[in-house]
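Given next are the chains, with one letter for each unit.
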Amino acid sequence: RVRNLGHPPRVLRHFQGDGPVEPGSAIVTIDGYDAGVVTSAAEAEDGEGTVVLASIRWRARESSLRSPDGVALVPVGSSD
């Protein structure tokens, strides 16, 4: 409990994927740590990649993230 004091255990983040990502897909850090799950995804308007909303563990919120298939997820907008 002390570790989570002052912040939620998970946060919702907006990402741009450089390839296809499906809702329900896992999200991992570059070193393979389980960081969260994709809650929703849609093809980007420009047709290049995927727009993703994901529930991410607090301690992974500033890590470089990807799907298990290797699709890089780049944060969109500002962070905390």
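Scope of this entry: the structure provided in the associated data block. No experiment lies behind these values; they were computed from the predicted model shown. Going along each chain's sequence as written, the residues are numbered from 1 onward. pLDDT decides what is reported in this predicted model: residues at 70 or higher carry local features, side-chain atom pairs at 80 or more are listed and counted, and totals for whole chains, interfaces and linings draw on all residues regardless. Note that water and hydrogens are dropped before the side-chain values are worked out from all heavy atoms of the structure.

1. What to know about the packing of aromatic side chains
What counts is decided by this rule: For Phe, Tyr and Trp, where Trp contributes only its six-membered ring, two rings pair if their centres lie within 6.5 Å, and the inter-plane angle classes them as stacked under 30 degrees, edge-to-face over 60, or tilted in between. Note on geometry: a ring has a charge over it if NZ (lysine) or CZ (arginine) is within 6 Å of the ring centre and within 35 degrees of the ring normal.
One pass over the full model with this rule turns up zero aromatic pairs. Between the NZ or CZ atom of R61 and the centre of the ring of W58, over which it lies, the distance is 3.9 Å.

2. Looking at the nonpolar core
Side chains of a nonpolar character, in soluble globular proteins, are inclined to be buried together. What counts is decided by this rule: What we call a nonpolar core is a set of buried Ala, Val, Leu, Ile, Met, Phe, Trp, Tyr and Cys residues that are connected through their side-chain atoms within 4.5 Å. Throughout, exposure labels follow a simple rule: accessible area from a 1.4 Å probe, protein chains only, divided by the maximum for the residue type, with under 20% read as buried, over 50% as exposed, and the rest as partly exposed. Strands here are runs of E lasting at least two residues and helices are runs of H or I lasting at least four, both read from the DSSP assignment and numbered beginning at the N terminus. Residue contacts are counted whenever heavy atoms from the two residues lie within 4.5 Å of one another.
With 14 residues, the main nonpolar core has F15, I27, V52 and I56 as its most contacted residues. Elements supplying a minimum of two residues to this core: β1 (10–17), β3 (34–43) and β4 (50–57). Take this core: its biggest share by element is three residues, from β4. Filtering out sequence-adjacent residues up to four positions away, I56 remains in contact with P9, R10, V11, R13, F15, I27, A35, G36, R61 and L65.

3. Topic: the pairing of β4
For clarity, the cut-off: Note on pairing: two strands pair once DSSP finds at least 2 bridges between them.
Note that β1 and β4 share eight bridges and pair antiparallel. Across the sheet, F15 pairs through a bridge with V52, a residue of β4. Pairing of β3 with β4 involves seven bridges; the strand directions are antiparallel. Note on β4: the bridge partner recorded for V37 is S55. Linking β3 to β4, which pair antiparallel, is a turn of six residues; within it G47 sits at a positive phi near 80°.

4. Considering the environment of G17
With respect to the element layout, G17 can be found in strand β1. In this structure G17 comes out as buried when scored by relative accessible area, which is 2%. If near-sequence neighbours (up to four positions away) are discounted, G17 is found in contact with E48, G49, T50, V71, A72 and L73.

5. Observations regarding a negative patch on the surface
Under the convention used in this document: Only residues above 30% relative accessible area that lack a salt bridge enter a patch, with like-charged residues linked at up to 9 Å and the nonpolar side chains Val, Leu, Ile, Met, Phe, Trp and Tyr linked at up to 5 Å. In short, Shrake-Rupley with a 1.4 Å probe defines the accessible areas, and a residue's cover is counted only from the protein chains shown. Salt bridges, as used here, are contacts in which a Lys or Arg side-chain nitrogen is within 4 Å of a carboxyl oxygen on Asp or Glu. Here Asp and Glu are counted as negative and Lys and Arg as positive; His is not counted, and neither are the chain ends. Charged groups are reduced to one reference atom each: NZ for lysine, CZ for arginine, CG for aspartic acid, CD for glutamic acid.
Negative charge collects at one region of the surface, where E43, E45, D46 and E48 lie side by side. Within the fold, E45 resides in the loop between β3 and β4.

6. A short note on the pairing of strand β6 (residues 72–75)
In terms of strand pairing, β1 meets β6 through three bridges, oriented antiparallel. Directly across from F15, in β6, lies its bridge partner P75. Bridge count between strand β5 (residues 65–66) and β6: two bridges; the pairing is antiparallel. Across the sheet, R66 pairs through a bridge with A72, a residue of β6. Linking β5 to β6, which pair antiparallel, is a turn of five residues; within it G70 sits at a positive phi near 95°.

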